[in-house]
Amino acid sequence: MAVQTIAGNATTASVDLGPAVALSCRECGERFDLGPLFACASCFGPLEVAYDLPAGDPEALRKRIEAGPDNIWRYAPLLPVPADVADKPNLNPGFTKLVKADNLARELGVTGGLYVKDDSGNPTHSFKDRVVAIAVEAARAFGFTTLSCSSTGNLAGAVGAAAARAGLRSCVFIPHDLEQGKVVMAAVYGGELVGIEGNYDDVNRFCSELIGDPLGEGWGFVNVNLRPYYGEGSKTLAYEICEQLGWRLPDQIVIPIASGSQLTKIDKGFQELIRLGLVEDRPYRIFGAQAEGCSPVSAAFKAGHDVVRPQKPNTIAKSLAIGNPADGPYVLDIARRTGGAVEDVDDEQVVDAIKLLARTEGIFGETAGGVTVGVTKKLIEAGVIDPALTTVVLNTGDGLKTLDAVSSTSQATATIKPSLDAFRAAGLASA
Ligand SMILES: *Cc1c(COP(=O)(O)O)cnc(C)c1O
Ligand SMILES: [Zn+2]
């Protein structure tokens with residue numbers, strides 16, 4: 001095991017990220033000291049966090065977790081964060097509701113138990129607070145003073161808020177044409193917000209250039225040079241879902257795909273829980289969901305390809321509009337290994353699914369939630385998702401951020417004078 005030192009960084013011996021011991025290459029397995037690295041120096045493969053996880057007594061670990069705070073820090077022993085993380089100023093995301101969606105289940109014909117993991121309940125109303133919270137700890141450990149990201153919208157808001165609370169400067173980059181709700185959320189916390197004339201893939205390329213330039217010195221890009229740490233935040237979705245199901249794996253789970261990071265890390269989280277003896281080792285199937293207007297992973301899955309051909313995104317599901325997804329090939333591996341699938345739905349189906357979830361369960365999801373619910377419906381109808389098995393669907397963001405998707409079809413039923421006659425004439429009296 002070759003441990004290399006990283007030129008230009010503070011001595012990594014002083015880095016305390018809890019159980020994290022190294023970065024390791026997903027492709028060739030080479031190990032590197034913990035630092036703001038994201039690509040293997042030997043093969044350019046993506047790096048991920050390697051741990052020395054608490055071995056031994058699963059019952060004791062389960063008790064320790066259950067006694068922890070009602071947020072992601074209850075899983076601190078399994079995350080790249082210092083042990084005292086909960087005492088620092090951060091947004092404390094996570095432990096969002098796992099809603100037993102019986103009405104939706106009835107509508108979709110699911111008999112084995114259908115659950116919606118509703119991550120719109122996070123501090124900035126998307127799952128991105130989870131990943132940012134972990135990246136903030138890495139930024140602190142490596143001495144970064146500016147927090148940054150390339151974002152499809154939700155990440156920019158999560159970074160702005162987390163930086164404000166942590167007392168860091170932030171400067172975030174988004175495509176210039178995002179939904180108003182996401183632009184305002186990204187700006188309101190007082191950091192710098194830069195709109196880039198281009199799509200997300202252009203924004204991301206720009207950020208990669210900035211990292212290599214003196215202009216970006218001292219900057220921690222949560223999803224670029226801090227990406228290995230950032231990604232680990234998504235494991236907490238896997239932990240929470242299992243804990244909320246009574247320390248049990250779901251049989252099937254439907255996850256939206258932008259870069260594919262979240263999906264791969266949920267799988268990693270399930271694998272860790274199995275290895276630690278916290279859940280019974282039984283098969284689970286992972287399904288990926290995309291919008292048809294940006295479906296590079298779904299297209300590759302259906303064509304039987306191992307590589308993902310980039311697309312130019314054109315969909316209302318802007319939070320998922322990454323045409324060149326970094327973790328696409330790993331998503332394909334996981335969907336195939338677990339007996340899952342990757343599927344897509346068109347924008348009209350996304351809108352219908354947003355309204356279906358709202359109408360049946362009182363949950364107003366953003367377009368990404370419409371994508372997962374829409375794909376779930378489609379895969380049940382196609383006989384791919386088994387309705388007799390326990391199924392979890394992720395809603396990763398809040399519908400208030402993507403009002404445009406439904407505003408034209410969600411309006412007042414009637415507008416009337418304030419009189420009983422007018423109300424009677426509107427025909428809305430009790431049936
Ligand atoms: C970012 C995001 C995702 C998934 O992102 P990955 O890049 O695949 O990890 C899902 N839903 C919403 C709402 C998001 O903002
Ligand atoms: Zn490598």
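Residues numbered from 1 in each chain as written. Chains lettered and ligands numbered in written order. Predicted model: local features only at pLDDT ≥ 70, side-chain atom pairs only at ≥ 80, totals over all residues.

- The name recorded for the chain in an unreviewed UniProt entry is Threonine synthase, from Streptomyces cavourensis.
- A UniProt comment under Cofactor (unreviewed entry) is attached to the chain, and it reads "pyridoxal 5'-phosphate". (UniProt positions renumbered as here; feature names shortened; annotations may be inferred.)

## Some remarks on the environment of L114
Phase 1: Tracing the chain through its elements places L114 in strand β5 (residues 114-118).
Phase 2: The buried category is assigned to L114, around which 27 C-beta atoms lie within 10 Å.
Phase 3: Taking the C-alpha atoms as reference points, L114 and S42, separated by 72 residues in sequence, lie 44 Å from one another.
Phase 4: Once you skip the residues sitting within four places of it in the chain, L114 turns out to touch A101, L104, A105, L108 and T391. (Helix = DSSP H or I, 4+ residues; strand = E, 2+ residues; numbered from the N terminus. Buried ≥ 20, exposed ≤ 12 C-beta atoms within 10 Å, placed from the backbone. Contact = placed C-beta atoms within 7 Å.)

## Structural notes on the sheet that holds strand β13 (residues 391-395)
Phase 1: Spatially, six strands are ordered β4-β5-β13-β10-β11-β12 in an open sheet, and the strand pairing comes out mixed. Edge strands, defined here as strands with exactly one partner in the open sheet, are β4 (97-100) and β12 (341-345). For this sheet the average axis-to-axis angle between neighbouring strands, irrespective of direction, equals 25 degrees.
Phase 2: Where helix α13 (residues 367-381) meets the sheet, it contacts β10 (252-256), β11 (285-291), β12 and β13, and its direction lies at approximately 115 degrees from that of β12. (Pairing = 2+ DSSP bridges. Axes fitted to C-alpha atoms, helices over the stretch in contact; angles between N-to-C directions.)

## Regarding the UniProt feature "modified residue: N6-(pyridoxal phosphate)lysine" (unreviewed entry) in the chain
Phase 1: UniProt's entry tags K128 with the feature "modified residue: N6-(pyridoxal phosphate)lysine" (unreviewed entry), counted in the numbering of this structure.
Phase 2: Residue position: K128 is located in helix α3 (residues 128-142).
Phase 3: In contact with K128, not counting residues within four places along its chain, are N154, L155 and A158.

## As for the UniProt feature "domain: Tryptophan synthase beta chain-like PALP" (unreviewed entry) in the chain
Phase 1: Residues annotated in UniProt with the feature "domain: Tryptophan synthase beta chain-like PALP" (unreviewed entry) correspond here to residues 93-397.
Phase 2: As annotated, residues 93-397 has a helix share of 44% and a strand share of 17%, and its two end C-alpha atoms lie 13 Å apart.

## Topic: the sheet that holds strand β9 (residues 219-221)
Across a sheet, paired strands are connected by hydrogen bonds in the backbone, their directions being either parallel or antiparallel.
Phase 1: The parallel open sheet is built from four strands, whose spatial order is β8-β7-β6-β9. Looking at the sheet topology across the chains shown, the edges are occupied by β8 (192-196) and β9. Neighbour-to-neighbour, the strand axes of this sheet turn through a mean angle of 20 degrees, independent of strand direction.
Phase 2: Bridge count for strand β6 (residues 146-150) against β9 is three bridges, and the pairing is parallel. Within the sheet, the bridge partner assigned to T146 lies in β9 and is W219.
Phase 3: Each of β6, β7 (169-175) and β8 touches helix α4 (residues 154-166); the most contacted strand, β7, lies at about 175 degrees to it.

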